[in-house]
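Examining the three-dimensional arrangement
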Amino acid sequence: MSELTLSMARPITLLQPARLEIGAGAVSRLADWAAPYRRVFIVAMAPTVGFVDRIGLTGTLETFIDLPPEPDLPAVEAALAAARAFQPDLVIGLGGGSVMDVAKLVAVLWDSDKSVPDVVGVGKIEGRRTALAQVPTTSGTGSEAGIRALVTHPQTLAKLAVESPFMLADIAILDPELTYSVPPAVTAATGVDALAHCVEAFTNIKAHPLIDGYATLGIELVGKYLARAVADGADTEARAGMMLASYYGGVCLGPVNTASGHALAYPLGTRLKLPHGLANAIIFPHVLAFNAPARPEKTAEICRLLGLPPADGTPAILVAAMDFCRQLGIEMQLSRHGATAEALPEWAAEAHAIRRLMDNNPRPMAVDDVLQIYRTAMS
């Protein structure tokens, strides 16, 4: 039986927000949708809280912004405490992926006696009575489309994953105007994160033709629009294209998920405190090249969609993908971000242990393979 036949026969479940609003000025439509809700709890961060007034919400508002870039358990508990004191009937995530992940957890947990450790894993949330709206202000994680939330454990620094269909947004707003102020460096890194979601799903052992369609659309949009969005933050067409690419990447995460690329990126976020997008951007070319022998046709399609020159063999693919990222202005050397050679073996073991992602990889990756990728990425 062929690989395509096997993937076509595999049952999957595709969930998306009940309502999706897309386009310049789309955030203005949220107020009418939210009008029936009288107590609105908004999860945001300092750079995004200014968008609250633009929405034009009515009712009683409470805005929570006390979140670190990579929220940990204490940060989520603080958000839950604020929500429990406020008692919302609508929660809005207004920001990047971490903000939207926290909004999901607040919406499903604030009116219960449970905390995040009680629901880590798949399907451990019993329900949700509070409405949930997601408004991304970056183009990277695609969290607005998904049913997962990630939280860092403060002691182990491991990523705790919560997955439940009850965390799916009732409405998602993709307004490119909200991303105009995102700096070029952040635009570039988060854009490659969106690309990595699509590529890792496309080459995944759980790949499915339905999800391949979303993945290739997302890859093509990144190839067409990311460099433009980096060059001109107010390029509305490019910003809209990247928001859609990010959303498609989020759709891919539900039925298929990412693979070793994200597993290798997580220690860079928790140990070096690199932003999630940047960590994934640094790792992306290396894993694309590593997996090429296991997915030669799909790798060739990825390169074509990104506008990369035809690459024959792992070294050439690595060079082409590295050039793609460097031309966006991304600093790709781990050593420039504070990594040391002595730390790499521990990080490699940590990444290799993230089996929920590693087991999705199309080519088996040993600890020594992970370590070699880290060493190559150092310079």
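The preceding data block contains the structure.
What counts, and at which threshold
- Residues numbered from 1 in each chain as written.
- Predicted model: local features only at pLDDT ≥ 70, side-chain atom pairs only at ≥ 80, totals over all residues.
- Heavy atoms only, no water.
- Helix = DSSP H or I, 4+ residues; strand = E, 2+ residues; numbered from the N terminus.
- Rg over C-alpha atoms; globule rule 2.2 N^0.38 Å.
- Buried < 20%, exposed > 50% of the residue type's maximum accessible area, 1.4 Å probe, protein only.
- Contact = heavy atoms within 4.5 Å.
- Areas by Shrake-Rupley, 256 points an atom, 1.4 Å probe, with all protein chains shown as cover.
- Lys, Arg positive; Asp, Glu negative; His and termini not counted.
- Charge placed at Lys NZ, Arg CZ, Asp CG, Glu CD.
- Salt bridge = Lys/Arg side-chain N within 4 Å of Asp/Glu carboxyl O.
- Pairing = 2+ DSSP bridges.
- Axes fitted to C-alpha atoms, helices over the stretch in contact; angles between N-to-C directions.
- Core = buried A, V, L, I, M, F, W, Y, C linked by side-chain atoms within 4.5 Å.
- Polar contact = N/O pair within 3.5 Å; in protein donor to acceptor, adjacent residues only side chain to side chain.
- Phe/Tyr/Trp six-rings, centres within 6.5 Å; stacked < 30°, edge-to-face > 60°.
- Parallel < 35°, antiparallel > 145°, perpendicular 65-115°, else oblique.
- Left-handed = near helix turned anticlockwise from the far one by under 90°.
- Nonpolar A, V, L, I, M, F, W, Y, C, P; charged D, E, K, R; others polar.

**Some details on the overall build of the chain**
- Counting secondary structure elements, the chain contains 16 helices and nine strands.
- Compactness check: the chain gives a C-alpha radius of gyration of 20 Å against a globular reference of 21 Å for 379 residues, within 12% of the reference.
- In terms of its C-alpha atoms, the chain occupies a principal-axis envelope of roughly 60 × 45 × 40 Å.
- Counting all 379 residues of the chain, 57% fall into the buried class.
- Within the chain, contacts between residues at least 6 apart in sequence are counted, and of these 77% link residues at least 24 apart.
- Summing over all exposed atoms, the chain offers an accessible surface of approximately 14,700 Å²; the carbon and sulfur share of this is 56%.
- Averaging the coordinates of the 29 positive side-chain charges in the chain and doing the same for the 38 negative ones gives two points 2 Å apart.

**A few points about the pattern of salt bridges**
- A complete count under the given rule lists 15 salt bridges for this structure.
- Arginine 128 serves as the salt-bridge partner of aspartate 170, at 3.1 Å between the closest nitrogen and oxygen. Of this pair, aspartate 170 sits in the loop between strand E8 (159-163) and strand E9 (171-174) while arginine 128 sits in the loop between strand E5 (121-122) and strand E6 (131-136); the two residues are 42 residues apart in sequence, bridging distant segments of the chain.
- Under the relative-accessibility criterion, aspartate 170 is labelled partly exposed at 25%.

**So, the sheet that holds E5**
- Strand order in the open sheet made by the three strands is E5-E8-E7, with mixed pairing throughout. Sheet topology places E5 and strand E7 (148-152) at the edges, where each strand pairs with a single neighbour.
- As paired elements, E5 and E8 share two bridges and run parallel to each other. Within E8, the position partnered with glycine 121 by the bridge is valine 162.
- In the packing of helix H5 (residues 97-109) onto the sheet, contacts are made with E7 and E8, and the angle to E7 comes to roughly 105°.

**Observations concerning the nonpolar core**
- The biggest cluster of nonpolar side chains holds 79 residues, and the ones touching the most others in it are Ile219, Leu264, Leu268, Ile330, Leu334 and Tyr374.
- Once you skip the residues sitting within four places of it in the chain, isoleucine 219 turns out to touch Leu195, Cys198, Val199, Phe202, Ile302, Leu305 and Leu306.
- If you look at the next biggest cluster of nonpolar residues, it comprises 31 residues, including Leu80, Ala83, Ala103 and Val151.

**A few points about the environment of arginine 148**
- Within the secondary structure, arginine 148 sits in strand E7.
- The spatial distance from the C-alpha of arginine 148 to the C-alpha of valine 162 is 5.5 Å, given a sequence separation of 14 residues.
- The contact partners of arginine 148, leaving out residues within four places of it in the chain, are Asp101, Lys104, Val162, Glu163, Met167, Leu253, Gly254 and Asn257.
- Only 2.9 Å separates the side chain of arginine 148 from the side chain of glutamate 163, close enough to count as a polar contact.

**What about the packing of aromatic side chains?**
- Enumeration over the complete set of coordinates arrives at five aromatic pairs.
- Plain terms: the ring middles of phenylalanine 41 and phenylalanine 86 are 6.3 Å apart, the flat faces sit at 40° to each other, and that makes the pair tilted. Taken together, the positions of phenylalanine 41 in strand E2 (residues 39-43) and phenylalanine 86 in helix H4 (residues 73-86) put the pair 45 residues apart, joining distant regions of the chain.
- Relative accessible area serves as the criterion here: at 0%, phenylalanine 41 is assigned to the buried category.
- Owing to a relative accessible area of 7%, phenylalanine 86 belongs among the buried residues under this scheme.
- Among the aromatic residues, those joined into a ring-pair cluster are Phe41, Phe64 and Phe86.

**Some thoughts on the packing of helix H7 (residues 184-202) against helix H9 (residues 236-253)**
- Their axes nearest at 8 Å, the elements H7 and H9 cross at an angle of 40°. As summarised for this structure, H7 and H9 are arranged oblique, according to the angle between their axes. The handedness of the crossing between H7 and H9 is left-handed. Every residue of H9 that contacts H7 at Thr187, Gly191, Ala194, His197, Cys198 and Ala201 is listed here: Arg239, Met242, Ala245, Ser246, Tyr248, Gly249, Cys252 and Leu253.
- Its residues assigned to classes, the contact of H7 with H9 shows eight nonpolar, five polar and one charged.

**Points about the environment of leucine 328**
- Summarising the element assignment, leucine 328 is placed in the loop between helix H13 (314-327) and helix H14 (344-352).
- For the pair leucine 328 and alanine 229, spaced 99 residues apart in sequence, the C-alpha separation works out to 9.9 Å.
- Leucine 328 has contacts with Ala188, Val192, Leu226, Ala227 and Val230, leaving out every residue within four places of it along the chain.

**Details of unusual backbone geometry**
- Despite not being glycine, leucine 157 has its phi angle at roughly 65°, a positive value.
- Phi is positive for asparagine 257, which is not a glycine, with a value near 80°.
- Mapping asparagine 257 onto the fold places it in the loop between H9 and helix H10 (260-272).

**Remarks on the sheet that holds strand E4 (residues 90-95)**
- Spatially, E1-E9-E6-E4-E2-E3 is the arrangement adopted by the six strands of the open sheet, whose pairing is parallel. The strands lining the two open edges of the sheet, one partner per strand, are strand E1 (19-22) and strand E3 (60-64). Each neighbouring strand pair of the sheet contributes to a mean axis angle of 15°, computed without reference to strand direction.
- Bridging between E1 and E9 involves four bridges; their strand directions are parallel. Bridging from a neighbouring strand, isoleucine 22 pairs with leucine 174 of E9.
- Helix-sheet contacts for H5 involve E2, E4 and E6, and the interaxial angle to E4 is about 170°.

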